[in-house]
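Per-entry structural report
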There are 2 protein chains.
Amino acid sequence: MNGFDEISAPLRTIMTPGPVEVDPRVLRAMSTPILGQFDPAFTQMMNETMDMLRQVFQTKNQWAFPIDGTSRAGIEAVMCSVIEPGDKVLIPIFGRFGHLLTEIAERSGAEIYTIECEWGKVFDQQEIIDEVKKVQPKVLAIVHGETSTGCMQPLDKIGPACRELDVLSIVDAVATLGGTEVKVDEWQLDAVIGGSQKCLSVPSGMAPITYNERVERLLFTRKKVERGVAQAHDQVKVNHPIRSNYFDLSQLQDYWGPRRLNHHTEATSMLYALREGLRIVLQEGLKERFERHRLHEKSLTAGIQAMGLQYNDVLWKLPMVTCITIPAGIDGDSVRKMLLEQFGIEIASSFGPLHGKIWRIGTMGYSCRKENVLFVLSALEAVLIRHGASIQIGHALQAALNVYEAYV
Amino acid sequence: MNGFDEISAPLRTIMTPGPVEVDPRVLRAMSTPILGQFDPAFTQMMNETMDMLRQVFQTKNQWAFPIDGTSRAGIEAVMCSVIEPGDKVLIPIFGRFGHLLTEIAERSGAEIYTIECEWGKVFDQQEIIDEVKKVQPKVLAIVHGETSTGCMQPLDKIGPACRELDVLSIVDAVATLGGTEVKVDEWQLDAVIGGSQKCLSVPSGMAPITYNERVERLLFTRKKVERGVAQAHDQVKVNHPIRSNYFDLSQLQDYWGPRRLNHHTEATSMLYALREGLRIVLQEGLKERFERHRLHEKSLTAGIQAMGLQYNDVLWKLPMVTCITIPAGIDGDSVRKMLLEQFGIEIASSFGPLHGKIWRIGTMGYSCRKENVLFVLSALEAVLIRHGASIQIGHALQAALNVYEAYV
């Protein structure tokens, strides 16, 4: 006996920017017994998952599959497969995850150029386009939805501009995929990474990516087949091989494609989860899902405002993350602690210059629903009263209900 | 509507060297609702998982935690964190996964030295020790259980010799951890990687690793804190930074350790699965579990032999993988196909020089049980008769039952 009991997790209301609550159908799908990785029943599921990912990414790209790892595994897979040592990479930074892109690009040997704007703002698209023209990078890497600041960077003009200037665009859409428009083809984005544990409401541990022929052509110049499985016609020496085996997209393609060349052992249960999560997204409908995210955001922010609190009420607000200014004199962490301990509700703090200044409430995926929004508002009000904050009492839920009633 | 149905996977008897069947308790654990990554209820589970991993690795190492990815993610995390460009790495190769170690080390910039022996054999330990003395590498990287050939390399003398020569030993114990002895401390191994989807019988998607202070001291010289979460006293520039952010063990330590510095979002459901899988391993007892693997191997091989088939009956046989010579004139893939289609049983082929020459039957973890062994023997006999193979009929099950009856 080792003294550990079976898992017994408390049931939480998770209102953070991820990981968020998972639809019970997805949780159930993970209990499906294991299939071998080359079992036809399993490879069919892999293909179906690719098909559904294309729909969610709104793309006709052949390549749309998950990386077996958390979101940043997806980002690293794309970056280390695309970036060769010495390549110029331009990264506009407007929050923590812009810094992460820099870190990852740096480790791939990139020559990095950054522009930064204040946390809480985004760039004018023209500013980025001008910088692209000036720097003439091989790659522009940029975050779409910056959860650390609750901001969303418009990309519809940046993508086409990059295409015209023959710059590859890599977009971190971890926070936004499945919760708001991410139009890969229409915006002419070359490689896009989504997150599982955010608006797709699948557990963390898989990172859906997609990329087009422009990226594929580049991969082909770095392609290398593993010695243990290579055949005579496969090249095993290339000039700038990808620095990672696990994240080598040219090898992953051969595993996800018709060649089905053995690479890793696909994460069976997570694939089940992703497949079921995507199925639920498409069953709801993308348009309807995005509208639902907007509705609950509207209700939440109406409640926050009615309480007399301030939030990031800006044009470029990320619809699924609301950043609330912690009132003067209130200990933000103490409020979060009480929410968790008394109500079983989790909301988030933030990073860097915003740490201690804002709370972040997520309304993502399965967590983004009426009872959760109403519960978090009522709990926040009660906890703030308990902390002696000067807020408007009794108005938040009324304002939120007004939004819901107007919608019906 | 997108036209995809809920998951409906056929129920298979999986007798491959992984991924194998998963205990229903583990499958059920994955249906546990999500917790936030810094929820005290979740960080406690992370700590419990580390504690159980130490027991399974038979080590007192502080660091024992999973990498969020499949087994080769664990190998790459250790290798790319330890190997600096230009480092000498010695890799003895006796099958496919030795080649994989080479691939990964190469991509980390290592100067690689290999020695090879015929697939189907292992090295005399002294031969490796002599080579270590000759090459004087920084790292010796070696596979413990080579599933591609069904061989197990003894390590009990190699570890201490490396320690004495101040060489770091990295061991791929993906196939063996949880199924036979992997004595990390007693054998003086510096870093060891296990697999989830093999003898631990947890779905693919997590790679447990452990490493000691020797490795930790090296990591410290390459340590780098992410800009988005760094504080003033953290160094952000180092000489030979680790080339991967995702696999940077020095950052992962800060996430798994008391500092709990944000890195990736831990894969919640997979962590539940690993925790439950380890709990079941320890509940059974390591000794008892290893004995069970030996028993079913004995029964399987008795049946194989009674059928008149040849298998890798060698001293260095991997207890959980039996490699059967495909009889002359028999199409190995056709046999496997019929086993799958008629019986729902999956067995494996092999790679490289052994492809088409052997079948591999795994007896790992939850798949390693009496009814599975008896079923695979009876099915294999029937399918071989169907293929016109000249075998002894009616003896296999009797021989296997004899083993079981003698055991009680």
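Residues numbered from 1 in each chain as written. Chains lettered and ligands numbered in written order. Predicted model: local features only at pLDDT ≥ 70, side-chain atom pairs only at ≥ 80, totals over all residues. Heavy atoms only, no water.

- The name given to chain A in an unreviewed UniProt entry is Aminotransferase V, with the source organism recorded as Paenibacillus jamilae.

**Brief notes about the pattern of salt bridges**
- Inspection of the entire model under this criterion finds 52 salt bridges over all chains.
- Across the salt bridge formed by Arg292 of chain A and Glu284 of chain A, the nearest N and O atoms sit 2.7 Å from each other.
- Judged by relative accessible area, which is 27%, Glu284 of chain A ranks as partly exposed.
- Arg107 of chain B is the salt-bridge partner of Glu103 of chain B, the closest N and O atoms lying 3.6 Å from each other. In this pair, Glu103 of chain B and Arg107 of chain B both sit in helix H4 (residues 96-107), 4 residues apart, roughly one turn of the helix. (Salt bridge = Lys/Arg side-chain N within 4 Å of Asp/Glu carboxyl O. Buried < 20%, exposed > 50% of the residue type's maximum accessible area, 1.4 Å probe, protein only. Helix = DSSP H or I, 4+ residues; strand = E, 2+ residues; numbered from the N terminus.)

**Section: the packing of aromatic side chains**
Residue and element names in this part refer to chain A.
- In total, this model carries 23 aromatic pairs over all chains according to the counting rule given.
- Put simply, the rings of Phe38, Trp63, Phe65, Tyr211, Tyr255 and Trp256 pair up and form one aromatic cluster.
- Residue placement shows Arg369 over the ring face of Tyr366; its charged tip is 4.4 Å from the ring centre.
- The lysine or arginine in question, Lys370, covers the ring of Tyr404, its NZ or CZ lying 5.3 Å from the ring centre. (Phe/Tyr/Trp six-rings, centres within 6.5 Å; stacked < 30°, edge-to-face > 60°. Lys NZ or Arg CZ within 6 Å of the ring centre and 35° of its normal.)

**Describing the sheet that holds strand E10 (residues 207-211) of chain B**
Residues and elements named next belong to chain B.
- As summarised here, the arrangement of the 7 strands in space is E2-E10-E9-E8-E5-E3-E4, forming an open sheet in which the pairing is mixed. Two strands bound the open sheet, and with one partner strand each, they are strand E2 (63-67) and strand E4 (111-116). With strand direction ignored, the average angle separating the axes of adjacent strands in the sheet is 20°.
- The pairing of strand E8 (residues 168-173) with strand E9 (residues 191-194) spans 4 bridges and is parallel. Opposite Asp172, over in E9, you have Ile193 as the bridge partner.
- Of the strands in this sheet, strand E3 (88-93), E4 and strand E5 (139-143) touch helix H5 (residues 125-135), which is tilted by about 160° from E3.
- Contacts from helix H8 (residues 249-256) reach E2 and E10 within the one sheet, and its direction differs from that of E2 by about 105°. (Pairing = 2+ DSSP bridges. Axes fitted to C-alpha atoms, helices over the stretch in contact; angles between N-to-C directions. Contact = heavy atoms within 4.5 Å.)

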